[in-house]
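Architecture and fold: a report
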Amino acid sequence: MTIEELENIFENCGTNPTRWPANRKAEIERLIALDQQAMKLEQEFRNLEKSLNQLYVPDFSELEQVVLNQNLPPRTDSFFEKFLNWLFPAGNNFKNLWRPAAAACIPLIFGATLGNNFAFGIDISFEENEYWEDQLIILALYDYSEEFFYD
Amino acid sequence: MEDEELMNAVCKGEHAAYQQLVKAHLPSISKYAYRIMGNQSDTNDITQETFIKLWVNAERWDPKKSKLTTWLHRITHNLCIDHLRKWRKNKFSENFEEDIADQELTRDNEIESNELNDKIQDLLIALRTLPESQRSALALCHYSGFSNKEAASIMNISVKALESAISRAKRSLRKTLMNAPNNENDKA
């Protein structure tokens with residue numbers, strides 16, 4: 001192990017041996033025991049940690065009372081809220097993607113059902129005679145003389 | 001009662017369970033928030049909001065995915081980041097001078113306190129000027145005792161990104177300590 005690797009481990013894990021990678025613990029201890037530079041490095045990091053631990057943090061005992069006495073919103077989950085929680089469950093879980101996908105299809109299914117069963121005043125029925133009259137008009141408008149020019 | 005049992009009780013609306021959870025977790029949450037925000041006023045607001053979110057979103061905690069303390073710290077972390085971005089706070093605490101006064105009050109020995117005060121002041125300044133991600137990483141790993149994996153999960157970053165943040169933070173703080181007045185005097 002090099003000094004740079006040791007420094008990297010101290011930066012990431014600190015000087016507490018319980019936080020060192022288990023497979024490198026023996027190596028680290030050997031290096032610290034034998035190498036002066038490693039010992040000095042460990043001492044520097046211990047000093048840093050000691051200084052950090054000396055920084056004052058206030059006591060929050062009064063805050064506890066404030067939090068305990070604060071007004072909490074009512075925990076009555078309405079049906080709509082329960083439905084939303086079911087639709088969008090916590091966590092990134094692809095197994096539950098079918099829920100919002102199914103919900104997104106509901107308007108489509110609704111529209112298709114509605115369109116199949118209700119005409120909304122649009123009359124698409126026709127008389128057979130009217131159909132043949134239209135066919136004859138279209139045939140009459142067709143220019144048969146074109147065939148003589150494109151042989 | 002275990003956290004899981006208490007949270008199930010909170011889901012049913014039991015205030016007693018909520019109070020037990022507050023007493024158990026408030027010290028760690030408030031200290032974490034203080035280390036990021038740097039002043040008591042913001043810490044109080046964020047701590048209160050964290051526990052309101054615990055009350056409102058209790059059913060969203062999945063005990064199979066994370067411990068309750070991890071979940072709560074994640075909420076606190078997100079609130080701190082939102083708070084800092086929303087109000088565009090300077091990296092220095094607004095009550096920076098109050099922090100220094102608090103540090104001085106804890107010293108008993110007057111002679112020692114002057115040297116320590118300079119060192120602590122320098123360290124405090126350096127800590128406050130760190131980006132919030134580095135402050136958070138340091139607070140979670142060094143002070144709160146989370147593993148690198150848990151801390152990364154709280155901050156919603158990769159373990160590599162967390163290790164990078166904590167390395168930079170310690171490097172910067174080590175440099176500050178190396179340049180601190182009593183160290184310079186020793187070298188002279």
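What you see is a predicted model, and the numbers here were worked out from it, not measured in a lab.

**Some details on the overall build of chain A**
What chain A contains, in helices and strands, is eight helices and zero strands. Counting helices and strands in the order they occur from the N terminus, chain A gives α-α-α-α-α-α-α-α. The 151 residues of chain A split such that 9% are buried. The long-range share in chain A, meaning contacts at least 24 apart out of those at least 6 apart in sequence, stands at 50%.

**Focus: the domain arrangement of chain B**
All names here are of chain B. Splitting chain B by domain gives domain 1 (3-87) and domain 2 (96-187). Across the contact, 13 residues belong to domain 1 and 13 residues belong to domain 2. Elements with a minimum of two residues in the side of domain 1 that touches domain 2: α2 (15-37) and α4 (68-87). When the residues that make up the side of domain 1 that touches domain 2 are grouped by side-chain class, the tally is four nonpolar, six polar and three charged.

**Considering the confidence of the model for chain A**
Any residue range with low pLDDT should be treated as having predicted coordinates unsuitable for detailed reading. Considering every residue of chain A, the mean pLDDT works out to 83; 87% of them sit at 70 or more. When pLDDT is averaged over each element of chain A, helix α1 (residues 3-13) of chain A comes out on top at 92 and helix α8 (residues 146-149) of chain A at the bottom at 69.

**Concerning unusual backbone geometry**
Residue and element names in this part refer to chain B. A positive phi angle, near 60°, is found at Asn156, a position not held by glycine. On the secondary structure map, Asn156 appears in the loop between α8 (148-155) and α9 (159-178). Since 11 C-beta atoms lie within 10 Å of it, Asn156 is described here as exposed.

**Observations concerning the interface of chain A and chain B**
Between chain A and chain B, the contact holds 27 residues from the first and 38 residues from the second. When residues of the side of chain A that touches chain B are traced back to their parent elements, those giving at least two are α1, α3 (36-54) and α4 (61-69) of chain A. When residues in the side of chain A that touches chain B are grouped by element, the largest group, seven residues, is from α3(A). Grouping the constituent residues of the side of chain A that touches chain B by class yields 14 nonpolar, eight polar and five charged.

**Digging into the nonpolar core**
Ranked by size, the top nonpolar core spans 46 residues in total, and within it Ala33(B), Ala137(B), Leu140(B), Cys141(B), Ala151(B), Leu162(B) and Ile166(B) carry the most contacts. The residue makeup of this core includes at least three contributed by each of domain 1 (3-87) and domain 2 (96-187) of chain B. Formed by seven residues, the second largest nonpolar core is a distinct cluster that contains Leu6(A), Ile9(A), Ile28(A) and Ala38(A).

**So, the environment of Glu49(A)**
Mapped onto the secondary structure, Glu49(A) falls in helix α3. Separated by 35 residues in sequence, Glu49(A) and Gly14(A) place their C-alpha atoms 8.1 Å apart. Not counting residues within four places of it along the chain, the set of residues in contact with Glu49(A) comprises Gly14(A), Thr15(A) and His142(B).

**With respect to the packing of α2(B) against α4(B)**
Residue and element names in this part refer to chain B. Relative to each other, α2 and α4 sit at 30°, their axes nearing to 10 Å. Here α2 lies roughly parallel to α4, going by the angle between them. Seen along the crossing, α2 lies across α4 with a hand that is right-handed. Every residue of α4 that contacts α2 at His25, Ser28, Ile29, Tyr32, Ala33, Ile36 and Met37 is listed here: Thr69, Leu72, His73, Thr76 and Cys80. A class-by-class count of the residues in the contact of α2 with α4 yields seven nonpolar, five polar and no charged.

The rules behind the values
- Residues numbered from 1 in each chain as written.
- Chains lettered and ligands numbered in written order.
- Predicted model: local features only at pLDDT ≥ 70, side-chain atom pairs only at ≥ 80, totals over all residues.
- Helix = DSSP H or I, 4+ residues; strand = E, 2+ residues; numbered from the N terminus.
- Buried ≥ 20, exposed ≤ 12 C-beta atoms within 10 Å, placed from the backbone.
- Contact = placed C-beta atoms within 7 Å.
- Domains from an automatic or database assignment.
- Nonpolar A, V, L, I, M, F, W, Y, C, P; charged D, E, K, R; others polar.
- pLDDT = per-residue confidence, 0-100.
- Core = buried A, V, L, I, M, F, W, Y, C linked by C-beta atoms within 7 Å.
- Axes fitted to C-alpha atoms, helices over the stretch in contact; angles between N-to-C directions.
- Parallel < 35°, antiparallel > 145°, perpendicular 65-115°, else oblique.
- Left-handed = near helix turned anticlockwise from the far one by under 90°.

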